[in-house]
Amino acid sequence: MVTKYARGSGRIGSFMKKHILLLTTGGTIASLPGADGLAPHRSDVMERELEQLRTYYDITVKDVMCLDSSNIRPRQWQDIARAIYRQRLDYDGIVVSHGTDTMAYTASAVSFMLPNIDLSVVFTGSQLPLADMLSDGPDNLRTAFAMAASGKPGIFLAFDRKVMLGCRAVKVRASGFSAFESVNSRYAALVSNQGLVINEGVIPRVNGPARLCDAISEDVFLLKLTPGLSPAIFDALVNMGCKGIVIEAFGLGGMNVLNRDLEGLRRAVEAGISVVVTTQCLYDSSDLRVYQVGSRLLELGVIQGRDMTSEAAMTKLMWAIGQGMSQKEIAKLFTLSLAGEITPG
Ligand code: ASP
């Protein structure tokens, strides 16, 4: 019998095995059933699957936290970004296992916290625990490891044989295996019978040394407009100490402009609050210049979110405020793409 892969030799055939760091944070992928439902465990429960992957990669596992991602807050985004930044020089790539529910927020926030990241960092998770025989976890881990080993720099999210920029990912299904989509941007890579086919045009450019900029503000509110929403909400948000608001407006970016509904919004902008307007439609770009109900908002000084996802708009605004930027600087920042989160121009 011919042994194709010499375990422990560091080689697959004539290729050196890539050294990949797996940072675990919890989520369904590492969950086991308990008395009150699924709950995450430490990485031991992932070991059987990792043993298979060790045929192809040298893997180091570090547990950063053990949380259902509903319990992950900006403080944990910082912990994850710091763990990536501090350990990146020792590995060829990094995989971060994470719960799916807030993975798009974490991947987006970490994209802004790590400008010019110089290796491939790939978030992944699963809809069924790895402990389940029919779990989608093994497949998602394999795609994530392949991308992490690709050497393509950036923060990515791998799911259901697709790899997307972390700042373009949206969870679109609560239980289906095809849970994430790359919104308003092509996929960074797809698995096919050719292997992992990378779309070079999507890979972020590195323009300088990698940095850790992890200061972030929690004083940002995401508001989904509904017909008849009380305009008093804006004064309430100002009184709460809000420093930024993302409004998911209607269609191309419209909002009720009759009955003095805009006055509260005007006061918020004048009080120095950065207001970003996106759309509650999942696909395509908002454009406030098209309708009167949008251009009235522009006259107040709101910022266009254009084709950013709400997750990216929220985390970019939280990050910009955390970095101490002024309202004017934030408005300029939102015309620029930092990690591929917006189509500029
Ligand atoms: N509630 C889980 C989490 O986000 C769901 C999952 O991982 O799929 O941690």
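As a starting point, this report considers the structure included with it. (Residues numbered from 1 in each chain as written. Predicted model: local features only at pLDDT ≥ 70, side-chain atom pairs only at ≥ 80, totals over all residues. Heavy atoms only, no water.)

What the rule picks out here adds up to four aromatic pairs. Aromatic rings pair up to connect Tyr56, Tyr57 and Phe145 into one cluster. Cation over ring: lysine 316 sits above phenylalanine 334, and NZ or CZ is 5.0 Å from the ring centre. (Phe/Tyr/Trp six-rings, centres within 6.5 Å; stacked < 30°, edge-to-face > 60°. Lys NZ or Arg CZ within 6 Å of the ring centre and 35° of its normal.)

This brings us to the pairing of strand β3 (residues 18-26). Counting buried positions along β3 gives seven out of nine residues, so the element sits mostly inside the fold. Judged from the eight bridges that link them, β3 and strand β6 (residues 57-67) form a sheet pairing that is parallel. Residue threonine 24 lies in a different strand from β6, and its bridge partner there is aspartate 63. Across five bridges, the pairing between β3 and strand β7 (residues 93-97) is parallel. The residue of β7 that forms the bridge with leucine 23 is valine 96. (Buried < 20%, exposed > 50% of the residue type's maximum accessible area, 1.4 Å probe, protein only. Helix = DSSP H or I, 4+ residues; strand = E, 2+ residues; numbered from the N terminus. Pairing = 2+ DSSP bridges.)

Moving on, we get to the pairing of β7. Burial analysis of β7 places five of its five residues in the buried class, the great majority of the element. Because side chains alternate across β7, one face comprises the buried residues Gly93, Val95 and Ser97, and the other comprises Ile94 and Val96, equally buried. Strand direction decides the pairing type here: β7 and strand β8 (residues 120-124), joined by five bridges, are parallel. Bridge pairing links valine 96 to phenylalanine 123 in β8. Handedness of the β-α-β unit built from β7, helix α3 (residues 103-113) and β8 comes out right-handed. (Right-handed = clockwise from strand over helix to strand, strands pointing away.)

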